[in-house]
Amino acid sequence: MAEELSFPTGIGTSDPTTISLLGQDLAADLMGTVGFGELAYWLVAGRRPTSGEVRVFEAVLVALADHGFTPTAIAARLTYLSAPESLQGALAAGLLGGGSRFLGVTEDCGRFLADTLAQAGEVTDYDAVALDAVTRAKRERRLVPGLGHPVHKEQDPRTPVLIRIATEEGLHGPHLRLFKAIGRVHPRVLGRTLPLNGAGVCGAALADLGLPVEMLRGFALLARAAGLLGHLAEERRRPLGMDIYRTVDRNAVYEP
């Protein structure tokens, strides 16, 4: 007798008449009842979030959806210009650019804060912990993720709003407290004042929700997928990709 195979999953299964997702009947229990943000949280965390957690989580998704003509958006538009038959390729091209300078900062900051808190143990003075972390990063010639922004030089408008929302929902936890402390103390170490950027505060807020820091970049990409889809829809209505390409091509200068 052939061995019976088994592939356990807590995500979803289906049979000829039903679809099960997270132990619920997808059609009967979830559709029209659960929002997409709530479902995304539930899928990763393995538990249904509270209304306050949903509000903070969806605020993060909105904050990260788009930031104008970033490299991720330009990559998506130019890929669509080159291969208009491959919407999935254009979307993927934009998502592949989510790294240490754009989008990936969300996870980098969450990891930095989580590692710092783990090393510090029980924290009673966040400013002292932050000062030590920034000093150590400077000594090791490492950037402090979440500090600085290429456009917002004084303040990233997303940062105070997300902190306020987390506070209103009782979810202003140790990662956000440490992130704010870094904002207060870093000028003493770096000799200049940098804004706490939106990607960084999103990482801190997600970490305070108890989501695994190893997954935070995925949430940033989930959010940016919506923004990129918007760029591609606009590219269809009002093409800019050819102008971007020609501008670079016609101003290219050969330098051996």
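To start, this report covers the structure provided alongside it.

Analysis parameters
Residues numbered from 1 in each chain as written. Predicted model: local features only at pLDDT ≥ 70, side-chain atom pairs only at ≥ 80, totals over all residues. Heavy atoms only, no water. Helix = DSSP H or I, 4+ residues; strand = E, 2+ residues; numbered from the N terminus. Buried < 20%, exposed > 50% of the residue type's maximum accessible area, 1.4 Å probe, protein only. Contact = heavy atoms within 4.5 Å. Lys, Arg positive; Asp, Glu negative; His and termini not counted. Charge placed at Lys NZ, Arg CZ, Asp CG, Glu CD. Salt bridge = Lys/Arg side-chain N within 4 Å of Asp/Glu carboxyl O. Axes fitted to C-alpha atoms, helices over the stretch in contact; angles between N-to-C directions. Parallel < 35°, antiparallel > 145°, perpendicular 65-115°, else oblique. Left-handed = near helix turned anticlockwise from the far one by under 90°. Nonpolar A, V, L, I, M, F, W, Y, C, P; charged D, E, K, R; others polar. Core = buried A, V, L, I, M, F, W, Y, C linked by side-chain atoms within 4.5 Å.

Moving on to the overall build of the protein chain. Per the secondary structure count, the protein chain includes 12 helices and 3 strands. Overall size of the protein chain, expressed as C-alpha extent along the three principal axes, is 65 × 60 × 40 Å. Every one of the 256 residues in the protein chain was classed for burial, and the buried ones make up 41%. Of all intrachain contacts in the protein chain linking residues separated by at least 6 positions in sequence, the fraction that spans at least 24 positions is 72%. Here the protein chain holds 26 positive side-chain charges and 29 negative ones, and the gap between their average locations is 10 Å.

Right, let's get into the pattern of salt bridges. Within this structure, the stated rule accounts for 14 salt bridges. In this structure, Arg-136 engages Asp-132 in a salt bridge whose closest nitrogen and oxygen atoms are separated by 2.6 Å. One end of the pair, Arg-136, and the other, Asp-132, are both in helix α7 (residues 126-139), 4 residues apart, so they sit about a helical turn from each other. A salt bridge links Arg-158 to Asp-156, with the nearest nitrogen and oxygen atoms 2.8 Å apart. Per residue, the accessibility class of Arg-158 equals that of Asp-156, and both read buried. The structure contains a network of salt bridges with shared partners spanning Arg-55, Arg-164, Glu-168 and Glu-169.

Before going further, it helps to examine the packing of helix α6 (residues 105-120) against helix α11 (residues 216-237). Relative orientation of the contacting elements α6 and α11 amounts to 155°, with a least axis distance of 7 Å. Relative to α11, the element α6 is oriented roughly antiparallel. For the pair α6 and α11, the crossing hand works out as right-handed. Along the contact surface, α6 presents Thr-106, Glu-107, Asp-108 and Gly-110, while α11 presents Leu-216, Arg-217 and Ala-220. Its residues assigned to classes, the contact of α6 with α11 comprises 2 nonpolar, 2 polar and 3 charged.

A word on the nonpolar core. Membership of the largest hydrophobic core comes to 50 residues, with the highest contact counts inside it found for Phe-57 and Ile-182. Of all the secondary-structure elements, those providing two or more residues to this core are α2 (36-45), α3 (51-64), α6, α7, α8 (158-168), α9 (174-190), α10 (198-208) and α11. When near neighbours in sequence (up to four residues on either side) are disregarded, Ile-182 contacts Phe-112, Leu-113, Ala-130, Val-134, Val-144 and Leu-147.

Here the focus is the packing of α6 against α7. Where α6 meets α7, the closest approach of the two axes is 11 Å, and the angle between their N-to-C directions is 115°. By the angle between their axes, α6 is roughly perpendicular relative to α7. Where α6 crosses over α7, the handedness of that crossing is right-handed. Packed against α6, whose contacting residues are Phe-112, Thr-116, Leu-117, Gln-119 and Ala-120, the element α7 presents Tyr-126, Val-129, Ala-133 and Arg-136 at the interface. When its residues are assigned to classes, the contact of α6 with α7 shows 6 nonpolar, 2 polar and 1 charged.

Once that is clear, we can look at the side chain of Glu-235. Within the secondary structure, Glu-235 sits in helix α11. You can call Glu-235 buried: its relative accessible area is 5%. When neighbours within four sequence positions are excluded, Glu-235 is seen to be in contact with Arg-77, Tyr-80, Leu-240 and Gly-241.

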